[in-house]
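A structural walkthrough
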Amino acid sequence: MCGRFAVTADPARLAEEFHARNETGVEHAAANYNVAPTTGIAAVVARHDEPQDQATRRLRLMRWGLLPPWVKPGPDGAPVVKNLLINARSESVTTSPAYRSAAAQRRCLVPMDGYYEWQPTPEKGRKTPFYFFRPDGHRLAVAGLWSVWRSYHDAAALL
C-alpha cells in the first residue's frame, strides 16, 4: 500500500458492504481523505467465537502500523518501537522475519475509497499526488497484516 489513502464511509456502512459484524463500537465516523500511518483504521478480519466454529468477518478498529515480533515493553508495559512497519513488499512478506508470522496467521482487508501515489516533479523536493480509485465507484480493499501487543504484565496475568 502507499503512504496515504481515503475512507469516506462510516464503519456501519463498511461492515454492511463487507458482510461483516461491526465490532468497532462506532456507528458514524467522519470521512477521512488523508489517512496517514498511525491513524486508527477499520479493517476486516476473520475470527472465531469458539475454537471449533466457523470464522466470521468482523470489522475492527486498528492502528495503521505493524509491531514487529522483536518489540520489547518499556517500563510502563507499552511497546518501545521507533518506527512501526507500514508497508510490506508482496514478494518478501512470507519470508521476512518482520512479517512472516503475521502473513501466515493474521491477515485482514483494509477498505478504502482510493489511495495516493506521489510522482516526483522537475522541481527538486516537490512531488505531485495522484489519486487512484475504482472508476465504478466501488470501494477498494487492500491486503493487510495485523499484530496484537501484549505486555509481559498482561502475559503473566494469563498464566
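Scope of this entry: the structure provided in the associated data block. (Residues numbered from 1 in each chain as written. Predicted model: local features only at pLDDT ≥ 70, side-chain atom pairs only at ≥ 80, totals over all residues. Heavy atoms only, no water.)

**Here's the deal with the overall build of the protein chain**
In plain terms, the rule: The numbering of helices and of strands both runs from the N terminus, where a helix is a DSSP run of H or I of at least 4 residues and a strand a run of E of at least 2. Only protein chains enter the area calculation, which uses a 1.4 Å probe; residues under 20% of their type maximum are buried, those over 50% are exposed, and those in between are partly exposed. The contact criterion used is simple: two residues touch if any of their non-hydrogen atoms lie within 4.5 Å. Per-residue and other accessible areas were derived by the Shrake-Rupley procedure at a 1.4 Å probe size, with only the shown protein chains allowed to occlude residues.
Counting its secondary structure elements, the protein chain contains 3 helices and 11 strands. Across the protein chain, helices and strands are ordered from the amino to the carboxyl terminus as β-α-β-β-β-β-β-β-α-β-β-β-β-α. By its C-alpha atoms, the protein chain is 60 × 40 × 30 Å across when sized along the principal axes. In the protein chain, which comprises 159 residues, the proportion classed as buried is 31%. Of the contacts formed within the protein chain by residues at least 6 apart in sequence, a portion of 59% connects residues at least 24 apart. Carbon and sulfur atoms make up 53% of the accessible area of the protein chain, which totals about 10,800 Å².

**Examining the sheet that holds strand β9 (residues 114-120)**
The strands making up a sheet associate through hydrogen bonds between their backbones, and the pairing can be parallel or antiparallel. Rule in force here: We treat two strands as partners when DSSP finds at least two bridges between them. Lines fitted to C-alpha atoms define the axes, with helix axes restricted to the stretch in contact, and inter-axis angles between N-to-C directions lie between 0 and 180 degrees.
Ordered in space as β3-β1-β9-β10, the 4 strands form an open sheet in which the pairing is antiparallel. Of all the strands in the sheet, the pair left with one neighbour each is β3 (32-35) and β10 (127-133). Here the average twist between neighbouring strands, direction ignored, is 25 degrees.

**Quick look at the pattern of salt bridges**
Filter applied, for reference: Salt bridge, as used here, is a side-chain nitrogen of Lys or Arg placed within 4 Å of a carboxyl oxygen of Asp or Glu.
Using the criterion set out here, one finds 11 salt bridges in the structure. Salt-bridge contacts for Glu17 lead to Arg13; the nearest nitrogen and oxygen are separated by 2.7 Å. Of this pair, Glu17 and Arg13 are both found in helix α1 (residues 11-17), 4 residues apart, which corresponds to roughly one turn of the helix. Taking relative accessible area as the criterion, Arg13 reaches 45% and is therefore assigned partly exposed. Across the pair Glu23 and Arg58 runs a salt bridge whose closest N-O atoms are separated by 3.1 Å. Of the two residues, Glu23 sits in the loop between β2 (21-22) and β3 while Arg58 sits in strand β5 (residues 56-63), which places them 35 residues apart along the sequence. Since its relative accessible area comes to 30%, Glu23 is described here as partly exposed.

**Observations regarding the nonpolar core**
Test applied: The term nonpolar core refers to a set of buried residues drawn from Ala, Val, Leu, Ile, Met, Phe, Trp, Tyr and Cys, joined through side-chain atoms within 4.5 Å.
Counting residues in each nonpolar core, the largest one holds 22 residues, and the members touching the most others are Phe5, Leu59, Val110 and Met112. Among the elements of the structure, β1 (4-7), α1, β4 (40-47), β5, β8 (107-112) and β11 (140-145) are those that each provide at least two residues to this core. If you tally residues by element for this core, the top one is β4, at 5 residues. Val110 has contacts with Phe5, Ile41, Ala42, Leu140, Ala141, Val142 and Gly144, leaving out every residue within four places of it along the chain.

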